Amino acid sequence: MTSKSAASEPGTSKPAPAKRKAGVSAPPKTGATPEELLEYFRAMLLIRRFEEKAGQMYGMGLIGGFCHLYIGQEAVVTGVQAALGENDAIITTYRDHGHMLASGMDPRGVMAELTGRRDGYSRGKGGSMHMFARERNFYGGHGIVGASASLGTGIAFANRYRGNDQVCVTYFGDGAANQGQVFESFNMAALWSLPVVYIIENNQYAMGTAVTRSTAQTKLYKRGEAFGIPGQQTDGMDVVAVRDAARKAIGHCRKKKGPYVLEVLTYRYRGHSMSDPAKYRTREEVNKVRSERDPIDHVRELLIAGGTADEAALKEIDREVKALVTEAADFGQQSPEPDPAELYTDVLMTL
Amino acid sequence: MSRKSIRQAINEALALEMRRDARVVVMGEDISGGMGAPGEQDAWGGPLGVTKGLMPEFGRERVLDTPISESAFIGAAAGAAATGLRPVAELMFVDFMGVCFDQIFNQAAKFRYMFGGKAVTPLVVRTMYGAGLSAASQHSQCLYPIFTHIPGLKVVLPSSAYEAKGLLIQAIRDDDPVIFFEHKAMYDEEEEVPDEAYTIPFGEANLTREGDDVTIVAFGRMVQFANQAADKLEKDGISCTVVDPRTTSPLDEDTIIEMAEETGRVVIVDEASPRCNMATDVSALITQNAFGALKAPIKMVTPPHTPVPFAADLERAYIPSPEKIEAAVREVAAA
């Protein structure tokens, strides 16, 4: 079931009115080069178009099971990815399509997994929440809230043990931040000075419960304070702000100063999953964020105001991205169903 | 070759594998002890001294005392294993699975299947189980049937020092997540154990006694009790086969069925609580596959369906004993 509000996402509709007014004459100031901004625009747009297509295919019954869309949060993974080194590891929870695309996984393989087909990343046995790509240092989408924290801590331990300078970026949400194993992991990571950045994607709602109703201290970046872990909060709707904060956090780990907590304030436009009743927040609230803080519109405005690209050039990028997503969607529908024998394979390495 | 206790056999298996493979690390609560404290280094060496001596040889980078945070360190061990390390994590008592079961059954056990064969998780969780030390209800359970229930895990129950060493080396070299059960009342039991490394394959049952009249299938410590009962019965003219499956997952179904068919009379001994335990599982296996060969109803020797009591007499009454096994075998033999 797709949300009724899906019809016009920012980025899909006519240019949304620019709310973050840049200077009228001078190009807006940002720490990113025009080339970088174009790259982020394209990367975020790929995630959005992919997710829109996934939502549409879900509504048509082509994707089943659970499906958690990332629309609205694109600046988070795009900004963090821009700050990562080539061999740094990533692990996340079940709202994971954006993380996979950002890490360079093939959209066709991701879509074919959503449709449960043979050419999916997990050969149709994992679905939306469970894909894994060692070649991209992507250690999975995990379905149990909070689990990525301890697993990511272990990946960081392995890196430290091997004596390399790689960092593990461990994502989870504001809901998972209240899980006990997160605190256990913080303590152990600080104790052992592990190179792990805990990125708390605070999208304001754990399923339908607002962070203010679930959480005594809503400044989640302070969650590491009791363990001596530094923390920072950043605007997750601003890709350059995320990138810069992530650079600082990753640099901290790279210098072997131990873990870091980065809280990223973001917002998901769609429901928690496809079966979300969408009654816990007002449509006005969602529309306000979409029209005033959309991460893709923000970069679009920067590009245009800075003279880097005009509407036509950005439309061309959108066309290219849409073509990629269409190709992925076709691939996901054309790939054969898994062989029935797959039911029994890969339970164990050796019997 | 020399006489070694189960404690020594396990310690030796860990040391041999750590010398052989730098990817092997061990972690757990107090497995060294004395970390950072002014007192003796390696003060404890595990709650029952099983890991003593590893820290002085391999250092604190490879022998890690953890906080009392099973969720964090079992989860971290699973994450590290997914990158190619071969962690051996110690869950002090299997009763503590309640605070880290998610990391075992939802994480480590599932990676390979749900990631379409792309993930490898060479994790070993060593854990103590069983009654007999007056450790009461929260430190005496068996619980291996719960792990056996989960696809994606291997579950190992060594019954002697020789078995413990070979099965643990196999577990560490194995690429799947393995739960290795050590009975806390057996650590001092000795037998001849080779000094060098050797492996015992999983899923291949061992016949510790061979006889014609009754087949006893027993698990872990119960193999020893079954042997004692069999030796006594032999003198009275009842000869028994004792099957030690060694691993409950994978389970050597073929040998169990074959041995049940050979005698037609079966006793199953399991220290785990009687509902949905290995005894019920093996009983179902045999009735489904060898019903026609059975000459008597299968008999199960298990504890009652109660928590494990503290008082010594009550605990003795709880545990399946050689005497109870003997009585069951006589009943089945006479039926």
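Residues numbered from 1 in each chain as written. Chains lettered and ligands numbered in written order. Predicted model: local features only at pLDDT ≥ 70, side-chain atom pairs only at ≥ 80, totals over all residues. Heavy atoms only, no water.

## Details of the overall build of chain A
A tally of regular secondary structure across chain A gives eleven helices and eight strands. For 351 residues, the compact-globule estimate of 2.2 N^0.38 gives 20 Å, and chain A sits close to it at 20 Å. Its C-alpha atoms give chain A principal-axis dimensions of roughly 55 × 50 × 40 Å. Every one of the 351 residues in chain A was classed for burial, and the buried ones make up 54%. (Helix = DSSP H or I, 4+ residues; strand = E, 2+ residues; numbered from the N terminus. Rg over C-alpha atoms; globule rule 2.2 N^0.38 Å. Buried < 20%, exposed > 50% of the residue type's maximum accessible area, 1.4 Å probe, protein only.)

## Here's the deal with the nonpolar core
Formed by 87 residues in total, the largest nonpolar core has its most connected members in Phe157(A), Phe172(A), Tyr144(B), Phe147(B), Phe181(B), Phe219(B) and Ile286(B). For this core, the element with the highest residue contribution is helix H3 (residues 70–82) of chain B, accounting for nine residues. There are two domains that each give this core at least three residues, and those are domain 1 (2–193) and domain 2 (206–334) of chain B. Excluding residues that lie within four positions of it along the chain, Phe157(A) makes contacts with Trp192(A), Leu194(A), Val25(B), Met27(B), Glu61(B), Leu64(B), Ala80(B) and Leu85(B). (Core = buried A, V, L, I, M, F, W, Y, C linked by side-chain atoms within 4.5 Å. Domains from an automatic or database assignment. Contact = heavy atoms within 4.5 Å.)

## Some points on the pattern of salt bridges
Within this structure, the stated rule accounts for 44 salt bridges over all chains. When the shortest N-O distance is used, the salt bridge between Arg42(A) and Glu320(A) registers 2.9 Å. Of this pair, Arg42(A) sits in helix H1 (residues 34–59) while Glu320(A) sits in helix H11 (residues 311–334), placing them 278 residues apart in sequence. Residue Arg42(A) is classed as partly exposed on the basis of its relative accessible area, which comes to 36%. Of the charged contacts, one joins Glu17(B) and Arg20(B) as a salt bridge, the two residues approaching to 3.1 Å between their closest N and O atoms. Taken together, the positions of Glu17(B) and Arg20(B), both in helix H1 (residues 6–20) and three residues apart, correspond to about one turn of that helix. (Salt bridge = Lys/Arg side-chain N within 4 Å of Asp/Glu carboxyl O.)

## Here we look at unusual backbone geometry
A cis amide bond, omega 0°, links Ser249(B) with the succeeding residue Pro250(B). Within the fold, Pro250(B) resides in the loop between strand S12 (247–249) and helix H9 (253–263). A positive phi angle, close to 55°, is found at Asn137(A), a residue other than glycine. Looking at the secondary structure, you find Asn137(A) in the loop between helix H4 (107–114) and strand S2 (138–141). One non-glycine residue, Ser134(B), lies in positive phi territory at about 55°.

## A look at the packing of H1(B) against helix H7 (residues 161–173) of chain B
Residues and elements named next belong to chain B. With their axes 8 Å apart at the nearest point, H1 and H7 run at an angle of 30° to one another. The orientation of H1 with respect to H7, classified from their angle, is roughly parallel. Between H1 and H7 lies a crossing whose hand is right-handed. On H7, the residues that touch Ile 6, Ala 9, Ile 10, Glu 12, Ala 13, Leu 14, Leu 16, Glu 17 and Arg 20 of H1 are Ala 161, Ala 164, Lys 165, Leu 168, Ile 169, Ile 172 and Arg 173. Each residue belonging to the contact of H1 with H7 can be placed in one class, and the counts come to eleven nonpolar, no polar and five charged. (Axes fitted to C-alpha atoms, helices over the stretch in contact; angles between N-to-C directions. Parallel < 35°, antiparallel > 145°, perpendicular 65-115°, else oblique. Left-handed = near helix turned anticlockwise from the far one by under 90°. Nonpolar A, V, L, I, M, F, W, Y, C, P; charged D, E, K, R; others polar.)

## Considerations on the confidence of the model for chain B
Mean pLDDT for chain B: 96, with 98% of residues reaching 70 or above. Reported confidence for the predicted complex is 0.93 by ipTM and 0.93 by pTM. (pLDDT = per-residue confidence, 0-100.)

## Remarks on the interface of chain A and chain B
Taken together, the contact pairs 41 residues of chain A with 46 residues of chain B. Where chain A abuts chain B, roughly 3600 Å² becomes buried across the two surfaces, and 64% of that area is made up of carbon and sulfur atoms. On the chain A side of the contact with chain B, Phe132(A), Tyr161(A) and Met349(A) bury the most area, a combined 19% of that side's loss. Linking chain A with chain B are two salt bridges. (Buried area = accessible area lost by both parts, 1.4 Å probe.)

## Thoughts on the domain arrangement of chain B
Residues and elements named next belong to chain B. As far as domains go, chain B holds domain 1 (2–193) and domain 2 (206–334). On a C-alpha basis, the centroid separation for the pair domain 1 and domain 2 is 27 Å. With 28 residues of domain 1 at the interface, the matching set in domain 2 holds 26 residues. The junction of domain 1 with domain 2 conceals about 2000 Å² of combined surface from both sides, 52% of it contributed by carbon and sulfur atoms. Along the contact surface separating domain 1 from domain 2 lie one salt bridge. Here Glu 163 and Arg 246 are joined by a salt bridge, their closest N and O atoms 2.7 Å apart. The tally of links between domain 1 and domain 2 comes to 19 residue pairs in polar contact (both at pLDDT 80 or more). Listing elements by their share of the side of domain 1 that touches domain 2, those giving two or more residues are helix H6 (144–148), strand S6 (154–156) and H7. (Polar contact = N/O pair within 3.5 Å; in protein donor to acceptor, adjacent residues only side chain to side chain.)

## A short note on the packing of H3(B) against helix H4 (residues 101–108) of chain B
Residues and elements named next belong to chain B. Close contact between H3 and H4 brings their axes to 8 Å; oriented N to C, the two are set at 25°. The orientation of H3 relative to H4 falls into the category roughly parallel. Between H3 and H4 the crossing geometry is right-handed. Note on element contacts: H4 touches H3 through Gln 103, Ile 104 and Ala 108, opposite Ser 71, Ile 74, Gly 75 and Ala 78. When the residues that make up the contact of H3 with H4 are grouped by side-chain class, the tally is four nonpolar, three polar and no charged.

## A few points about the sheet that holds strand S7 (residues 231–235) of chain A
All names here are of chain A. The parallel open sheet is built from six strands, whose spatial order is S2-S1-S3-S4-S8-S7. Taken across any chain shown, the strands that pair with only one partner, and hence form the sheet edges, are S2 and S7. Going across the sheet, the axis of each strand differs from the next one's by a mean of 20°, ignoring polarity. Running over the sheet, helix H2 (residues 74–83) touches strand S1 (89–92), strand S3 (168–173), strand S4 (196–202) and strand S8 (260–265) and is turned about 170° from S3. (Pairing = 2+ DSSP bridges.)

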